[in-house]
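# Understanding the architecture of this molecule
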Amino acid sequence: MCGIVGYIGEKKAQPILINGLLALEYRGYDSAGIATIEDNKIQVKKDKGRVNNLYNLEGIQDLNGTIGIAHTRWATHGKPSMENAHPHMDNSNTFAVVHNGIIENYHELRDFLMQNGYTFLSETDTEVIPNLIHYHFEHNVLENNDKFLYAVKSAVNQLKGSYAIEVISSLYPDRIVVVRKDSPLVIGKSNGENYIASDIPAILPYTKDFYFLDDNEFAVIYQNKTEFYDASLVKHNKAIKNIDWDANAAGKDGFEDYMLKEIFEQPTAIRETVGSRFHLGEKCTFEDLNLSKEYLQNIHRIYIVACGTAMNAGLVGKPVFEKLCKIPVEVNIASEFRYQDPLIDENTLCIYISQSGETADTIAALKLAKAKNAKTIAISNVIGSSITREADYSIYTHAGPEIAVASTKAYTSQVVLVTMLAIYFAEQLDRCDTNTIEELKENILDLPTKVETLLQNVNEIKRFAKKVYTQKDMFFLGRGNDYSVALEGSLKLKEISYIHSEAYAAGELKHGPIALIENGVTVIGIITNPDLVEKSISNLQEVITRGARTLVITNQSLPNTHFDFVINIPETHPLLSPILSIIPLQLLAYYISKNKGLDVDKPRNLAKSVTVE
Ligand code: G6P
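Every chain begins its residue count from 1, and numbering advances along the sequence as written. A pLDDT threshold of at least 70 governs which residues receive local features in this predicted model, and a stricter bar of 80 or more applies before side-chain atom pairs are shown or counted, although totals over entire chains, interfaces and linings include all residues. For the side-chain quantities, the full set of heavy atoms in the structure was used; hydrogens and water were omitted.

In this text, helices come from DSSP runs of H or I with a minimum length of four residues, and strands from runs of E with a minimum of two, each type numbered from the N-terminal end. Assigned secondary structure in the chain consists of 18 helices and 25 strands. Each radius of gyration reported is based on C-alpha atoms, and the globular scaling rule is 2.2 Å times the count of residues to the power 0.38. Its C-alpha atoms give the chain a radius of gyration of 26 Å, near enough to 25 Å, the size a compact globule of 613 residues would have. For the chain, the spread of C-alpha atoms along the three principal axes comes to 80 × 55 × 45 Å. Taking the intrachain contacts of the chain between residues at least 6 apart in sequence as the baseline, contacts between residues at least 24 apart amount to 71%. Values of accessible area rely on a 1.4 Å probe in the Shrake-Rupley scheme; residue burial ignores everything except the protein chains shown. As displayed, the chain has an accessible area near 23400 Å², and 45% of this comes from carbon and sulfur atoms. Every residue pair with non-hydrogen atoms within 4.5 Å of one another is taken to be in contact.

Have a look at this one:
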């Protein structure tokens, strides 16, 4: 989705802004632009297409201003075009604005502005913002240094929807005004210069000290200082947070694509996520979770709520909680949950999983549970992200920055963390025998090495990908946990190869989808549950009989069957098998996409973090 970058300091802003936009390319976008100020004049360069296209625009190298704002746009209102790209200016060219989010009442605001003589050059919702700022600036009685900020505030008061906004003005070339609501914005502090971004990786090479702007909070950013104001423009101090992500971790590190790099980072990501939270023979610790035993005993239902891959990680967590803690768990899609009036009271625990911590639907679903007095736990990869600031408690995966749109290391880290959370609850509740828990812990600690082993053997998957990459449809089958992995494997394939794929609970095949099986159709079976091996084999046999080509991912010794390909994965505790069985499926999606010559990291139409509904 849209990305924001900003800079104010002594250096030429243009290269910093362009580099920031390049670092945000992974979010998905279709046009890009920048604005700087020089000699009290705003200069804007923008166009549809990639940041490289912007970089090659005539005159861009001549932008010498040391203050600037920049944007990558993912089209919502109006097609990708030069006119619709940000920054947008007001009619008098005094204010330039970049905006992430959606202004829901922009029709009404546009009418209001048109009645007041304003004209519009684009089809966007954003263009009302600079003009509203100009309107309030003109009608503002204040004649002091804060007039610019007051005009922004008056304009923002009229906006309905979500926004992260950066504004510069030719009349105030020493400052950038920013404000947010339901869309992330961070300010990076450095020596004699300040940076702004919607996502940390854009400015990670320059600083590790960040301010995370809150909803309805304004900041005025100068070269040497940043001032923070609440919604009524009362000034306050704000604590800075140090984020110890390695800037190189956001690079490709010799890999061809971010996705491949991130797949190979999984052993480290899992190790870091386990961290020092548990040791064999000792109880698991979650220092940040301050939940009493009495509270845990009274929980009668857990909701796990998330979107996309994070929701698939939640599905794997469900049986772990149910088995170890004997608490019923429902896993929900956030965009559904938020409108379903779910049964929530103070004895319901709601767990939200979000890699970015910025997914609009997941945040809204969290607010709903809070309003109904349930306790909320956020599981995120990004310290200080919106969701972690809303939740009662936050725990973190330590997967490092995930850049590729298709989530890989975040998924496996989320599954590990949810499992550890369930173990922690089980130990507090004493509802599970120690042997089971110790066995699970041993197996968790062995996971990184097992993933390493899997990653040393990618040839068979490469071979299979070469055979099937021209297919139009694929099916993923599994039972229990293997079905949850089928869903995630199928999602990966769709996301980056554009092959239509469906995941089915293997036993459900006969109730419809088997009608689609014909000669040469590819079916991928996942078989890791020792109790269900025969049943799953029978289901695959049914598709083989109808001419399907089959790949099986398994850690069981299967009887002599007629599968075309078999990928053997290491054994582990059945509750943990998804962490291993997903690896070949991530690689399969990756190699199929490569064979098709597609952009693996930035698949069409998708965005890394979905900050609109
Ligand atoms: C987008 C991404 C997915 C991700 C989902 C949820 O659709 O493309 O990879 O799983 O959002 O994102 P979150 O940051 O909340 O985990």
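A separate point is the sheet that holds strand β18 (residues 348–354). Backbone-to-backbone hydrogen bonds join strands into a sheet, with any given pair of strands oriented parallel or antiparallel. Across the sheet, five strands lie side by side as β17-β16-β18-β19-β20; this open sheet has parallel pairing. Looking along the sheet, the strands with just one partner apiece sit at the ends: β17 (329–333) and β20 (393–396). Neighbouring strand axes in the sheet, compared pairwise and without regard to direction, differ in orientation by 20° on average. For every element, the axis is a line fit to its C-alpha atoms; helices are fit only across the contacting stretch, and the angle between N-to-C directions ranges from 0 to 180 degrees. Against the sheet, helix α11 (residues 360–371) contacts β16 (301–306), β18 and β19 (375–380), and its axis sits at roughly 165° relative to β18. Strand pairing is assigned whenever DSSP identifies at least 2 bridges connecting the two strands.

Domain extents, as shown, originate in an automatic or database domain assignment. Along its sequence, the chain is organised into domain 1 (3–244), domain 2 (252–455) and domain 3 (459–595). Here domain 1 and domain 2 have C-alpha centroids that lie 34 Å from each other. The interface is formed by eleven residues belonging to domain 1 together with ten residues belonging to domain 2. Summed over both partners, the accessible area lost on bringing two parts together, with a 1.4 Å probe, is the buried area. Buried area between domain 1 and domain 2, both sides added, is near 900 Å², and the carbon and sulfur share of it is 57%. If you sort the residues of domain 1 by the area they bury against domain 2, Y26, P184 and F212 come out on top, with a joint share of 44%. Should a side-chain nitrogen of Lys or Arg be within 4 Å of a carboxyl oxygen of Asp or Glu, the pair is scored as a salt bridge. Our count for the domain 1 to domain 2 interface comes out at three salt bridges.

Glancing now at the nonpolar core. The biggest cluster of nonpolar side chains holds 123 residues, and the ones touching the most others in it are L289, I302, F321, I377, L421 and F425. The leading source of residues in this core is helix α13 (residues 409–429), at 13 residues. Not counting residues within four places of it along the chain, the set of residues in contact with I302 comprises F321, I327, P328, V329, E330, L349, I351 and F425. To define a nonpolar core, start from buried Ala, Val, Leu, Ile, Met, Phe, Trp, Tyr and Cys residues and group those joined through side-chain atoms within 4.5 Å. Accessible area is worked out with a 1.4 Å probe on protein chains only. A residue is then buried under 20% of its type maximum, exposed over 50%, and partly exposed in between. Counting 32 residues, the second-largest nonpolar core is a separate cluster that includes F148, Y163, Y222 and Y229.

A few words now on helix α7 (residues 266–274). Every buried residue belonging to α7 is among Q266, P267, A269, I270, T273 and V274, and all of these are buried. One side of α7 carries all its buried residues, which in axial view fall inside an arc of 165°. For α7, the elements touching its buried residues are α6 (258–264), α13, α14 (434–455) and α18 (577–595). By definition, the arc is the one covered by directions from the helix axis to the C-beta atoms.

Below, the discussion takes up the sheet that holds strand β7 (residues 161–169). Spatially, seven strands are ordered β5-β6-β7-β8-β12-β13-β14 in an open sheet, and the strand pairing comes out antiparallel. Across the chains shown, the open sheet's two edge strands, defined by having one partner strand only, are β5 (88–89) and β14 (235–236). Sheet topology note: the strand β12 (residues 217–221)/strand β13 (residues 226–229) ladder contains four bridges and is antiparallel. If you follow A219 over to β13, its bridge partner there is F228. Lying over the sheet, helix α4 (residues 128–139) contacts β5, β6 (95–103), β7 and β8 (172–181), oriented at roughly 125° with respect to β6.

Tallied over the full model, the rule gives 31 salt bridges. Taking the shortest distance from any N to any O, the salt bridge between K409 and E265 comes out at 2.7 Å. Of this pair, K409 sits in helix α13 while E265 sits in the loop between α6 and α7, placing them 144 residues apart in sequence. One exposure class covers both K409 and E265, and it is buried. In this structure, E488 engages K492 in a salt bridge whose closest nitrogen and oxygen atoms are separated by 2.7 Å. Pair noted here: E488 and K492 are both in helix α16 (residues 481–497), with a separation of four residues, about one helical turn. Each member of the pair, E488 as well as K492, carries the same accessibility label: buried. What emerges from the salt-bridge pattern is a single network uniting R180, K181, D182, D215, K367 and E390.

One heavy atom within 4 Å of a molecule or strand makes the whole residue count as near it. Around the ligand sit 14 residues in total, of which S354, Q355, S356, T359 and A607 are the nearest. Here a polar contact means two N or O atoms within 3.5 Å. Within protein one must be a hydrogen donor candidate and the other an acceptor candidate, and residues neighboring in sequence count only if both atoms are side-chain atoms. Contacts to the ligand include T309, whose backbone N or O atom sits 3.0 Å from an oxygen atom. The side chain of T359 places a nitrogen or oxygen atom 2.5 Å from an oxygen atom of the ligand. In the complex, 90% of the free accessible area of the ligand, which totals 390 Å², lies under the protein chains. At three residues, the largest contribution of residues to the shell around the ligand is made by helix α9 (residues 308–325).

Our focus in this paragraph is the packing of aromatic side chains. The aromatic pairing rule takes the rings of Phe, Tyr and Trp, using the six-membered ring of Trp, and pairs them if the centres are within 6.5 Å, calling planes under 30 degrees apart stacked, those over 60 edge-to-face and the rest tilted. All chains considered together, the criterion is met by 16 aromatic pairs. On the numbers, 5.1 Å between centres and 55° between planes, the contact of Y7 with Y195 is tilted. Within this pair, whereas Y7 is found in strand β1 (residues 3–8), its partner Y195 is found in strand β10 (residues 193–197), the two being separated by 188 residues in sequence. By relative accessible area, which is 0% here, Y195 ends up buried. Between the aromatic rings of F210 and F212, the centroid separation amounts to 6.5 Å while the plane-to-plane angle is 45°, which identifies the pairing as tilted. When sorted by exposure, F210 lands in the same class as F212, which is buried. Grouping aromatic residues by their ring pairs yields a cluster made of F95, F137, F148 and Y172. Placement of a positive charge over a ring is assigned whenever Lys NZ or Arg CZ falls within 6 Å of the ring centre and within 35 degrees of the normal to the ring plane. Seen from the ring of F120, R110 lies directly overhead, with NZ or CZ sitting 4.5 Å from the centre. Note that R604 overlies the ring of Y498, its terminal NZ or CZ placed 3.9 Å from the centroid.

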